[in-house]
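What follows is each chain in one-letter form.
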Amino acid sequence: MKLTADVCIVGAGFAGSLLANILRRQGRQVVLLDRGRHPRFAIGESSTPLGNRLLRDLCQTWDLAEIAPLAKFGSWQQKLPQLTGGLKRGFSYFQHPLDQPFQPTADHATELLVAASSSNEHSDTHWLRADVDTYLYEQAIAAGAIARDQTRVEIRERSPLWQLACERRGEAFEVEAPFLIDGTGEAALLPNFLGLQDRSAEMLTNSRGVFAHFDSVTRWETCAKAHGAVTADYPFPCDDAAQHQVFDFGWMWQLRFVNDVVSIGFALDAAEHPAPADVTPADEFHQWLQRAPSVAEQMRHARVVAPAVGILRSGRLQRWRSPAAGPDYALLAHSAGFVDPLHSSGIAHSLSAVARLALALDPARSADARQQQLAAYAFSMDHELAFIDELVATCYATRRQFGLFAMATMLYFAAATSCERQPGGLSAGFLGAEWPLLREAVRQSRQLLLAARQQVLSRNDLATIRRQLAGILAPVDVVGLFSPETPHMYAHTAAPEF
């Protein structure tokens, strides 16, 4: 059997399925292939204001009314309550001294909360990927995409058409299409076939993960209060967030869903703490947990609920393949590269890739316009991965001095809040990665912070560095990142509601 299509997408994660749906709306014949089966466990669950805006715009442009409610927590809960999500009002960070309890102070020197929305209704979301990915896959099928899961795919030929040899449940078939899109992520089916340049060694960040989903996890705000934290100053409940527990050895994410399941994982500095060959992922997770007594107490009753095999461990998280597009192919963002869960850029970056590829492949565009847009997409993807890497690596480098770490996060928030307020959101690349003024401000800020981390800093030293950083970032600081009413508590950075 041979399936023919205008576009073949390999990899039916949320981005591949969403793009397949849009291409069908354009009148394209689409084949969507995946080696796995939905529903399935996945991480990369935290959306952002920019991600929600991109999803809203995609749904408006391509008449995706059944998907549009996912762009806000309020509409999601009202119209798609069968899909498990989570309330994300912003970002919260807490510093933990090694082997010691959490130590809050009246001036919040070990805490940082940054609002991303002004209300629960307009809030960002956490995606339980098993539910959301399945729903988007089903919507792609409903739109007319020919979908085959549990399929092993081998690329046989490229020219003049892509020829794929496939096997599903013991039955062989072929797929033929003039354009191929890779959404396989780490599997890198198309990058490996084409021998695309592997630029991972250029990346500054070097981290790995140990993670799972848990239930019976005490809310961190309860624990913080027990240690004396002044939670009345918090601009939002700190558990309704992409929550970060920050340690000398890395950091932990906590993303809480409405069913009180929590996605939890350690993101570890892999250069300093390579994966131990003789320790199971579960044992390693609990070893790190014991180095953070307050978090260990928070998780005293926690149980793993997913995946079925228990706690997982990754290799190095960073990857980068280039170029991300050519005359007859494109890589979705997660296949082009990935940096780290820090800053929650994954979902939004994937949606930005879907938006740009949908425009490039629209049959209403000329062949020349399509090639120009694909070339621009490849150019932008390289700049964006390098920029995200720079933002994340600066935070890793400063994590041992929380005052510096908090300042390092301002580089991301300056980029994100500027980008959220730009018409279209991508006029200067994702997160403004192609905006020279922003890139120069980040470069100078990074130099300042990396030099400062080599010193033992007093409060006066930190105040001086903060004033210098505020001056550098002033041209791109659109929300007043250095003038909160309460130290380290930001209620006024929330993105414009839509």
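A brief structural summary.

The rules behind the values
Residues numbered from 1 in each chain as written. Predicted model: local features only at pLDDT ≥ 70, side-chain atom pairs only at ≥ 80, totals over all residues. Heavy atoms only, no water. 1 Å grid on protein atoms, 1.4 Å probe; cavity = no way out; pocket = protein on both sides within 12 Å on 5 of 7 lines; lining within 4 Å. Points joined across faces, edges and corners; volume = space filled by probe spheres on them. Helix = DSSP H or I, 4+ residues; strand = E, 2+ residues; numbered from the N terminus. Nonpolar A, V, L, I, M, F, W, Y, C, P; charged D, E, K, R; others polar. Core = buried A, V, L, I, M, F, W, Y, C linked by side-chain atoms within 4.5 Å. Buried < 20%, exposed > 50% of the residue type's maximum accessible area, 1.4 Å probe, protein only. Contact = heavy atoms within 4.5 Å. Pairing = 2+ DSSP bridges. Axes fitted to C-alpha atoms, helices over the stretch in contact; angles between N-to-C directions. Parallel < 35°, antiparallel > 145°, perpendicular 65-115°, else oblique. Left-handed = near helix turned anticlockwise from the far one by under 90°. Salt bridge = Lys/Arg side-chain N within 4 Å of Asp/Glu carboxyl O. Phe/Tyr/Trp six-rings, centres within 6.5 Å; stacked < 30°, edge-to-face > 60°. Expected span 1.5 Å × (residues − 1).

Counted as a void, the second largest pocket has a volume near 540 Å³. Lining the second largest pocket are 19 residues, with Ala109, Gly403, Arg459, Leu462 and His488 sitting closest to its centre. Of all the elements in the fold, those that place two or more residues in the lining of the second largest pocket are α12 (402-420) and α14 (459-473). Here the lining of the second largest pocket is built from residues that sort into ten nonpolar, five polar and four charged.

Moving on: the nonpolar core. Ranked by size, the top nonpolar core spans 129 residues in total, and within it Leu33, Leu164 and Leu431 carry the most contacts. Looking at this core element by element, the count peaks at 14 residues for α12. In this view, Leu164 contacts Cys8, Val10, Leu33, Val153, Glu154, Ile155, Phe173, Glu174, Val175 and Leu180; residues no more than four positions away in its chain are not counted. The next biggest cluster of nonpolar side chains, apart from the first, holds 32 residues, and it includes Phe236, Leu289, Val295 and Ile311.

The strand order across the open sheet formed by four strands is β1-β11-β10-β9, and the pairing between neighbours is mixed. Each edge of the open sheet is held by one strand with a lone partner, namely β1 (2-4) and β9 (151-157). Between one strand axis and the next, the sheet turns through 25 degrees on average, direction left out of account. Of the strand pairs in this sheet, strand β10 (residues 162-168) and strand β11 (residues 171-177) are connected by seven bridges, and their pairing is antiparallel. Across the sheet, the residue bridging to Ala165 is Glu174, located in β11.

It is worth spelling out the packing of helix α2 (residues 49-61) against helix α10 (residues 346-360) at this point. Put simply, α2 and α10 touch, their axes get as near as 8 Å, and they point 30 degrees apart. In terms of axis orientation, α2 runs roughly parallel to α10. Along this stretch, α2 crosses α10, giving a crossing that reads as left-handed. When α2 is examined against α10, the residues Leu50, Gly51, Leu54, Leu55 and Leu58 are found in contact with a partner set consisting of Ala348, Leu351, Ser352, Val354 and Ala355.

This brings us to the pattern of salt bridges. Side-chain pairs of opposite charge can arise where the charged atoms are in close proximity. On inspection of all chains with the given rule, the structure shows 27 salt bridges. The salt bridge partner of Arg40 is Asp34, with a shortest N-O separation of 2.5 Å. On the accessibility criterion, Asp34 (7% relative accessible area) is buried. Within the structure, one salt-bridge network assembled from shared partners comprises Asp269, Glu272, Arg399 and Arg400.

Right, let's get into the packing of aromatic side chains. Think of a pair of aromatic rings as described by two things: how far the centres are apart, and how the planes are tilted against each other in angle. This model, assessed by the stated rule, comprises 19 aromatic pairs. Both rings, one in Tyr93 and one in Phe405, keep their centres 5.8 Å apart while their planes meet at 70 degrees; by these two values the pair is edge-to-face. Taken together, the residues Tyr93 in strand β5 (residues 90-95) and Phe405 in helix α12 connect sequence positions 312 residues apart.

On to helix α1 (residues 14-25). Helix length check: α1, at twelve residues, gives a terminal C-alpha distance of 17 Å against a target of 16 Å (1.5 Å per residue), a fit within 8%. The element α1 is largely enclosed, with a buried count of ten among its twelve residues. For α1, the full list of buried residues reads Phe14, Ala15, Gly16, Ser17, Leu18, Leu19, Ala20, Asn21, Ile22 and Leu23. Phi turns positive, to about 95 degrees, at Gly27, one or two residues after α1.

Moving on: the pairing of strand β6 (residues 111-115). Of all five residues in β6, five are buried; the element is thus mostly enclosed. Of the two faces of β6, the one lined by Glu111, Leu113 and Ala115 and the one lined by Leu112 and Val114 are each fully buried. Bridge analysis of β6 against strand β24 (residues 489-490) gives two bridges, and the strand direction is parallel. Within β24, the position partnered with Leu113 by the bridge is Met489.

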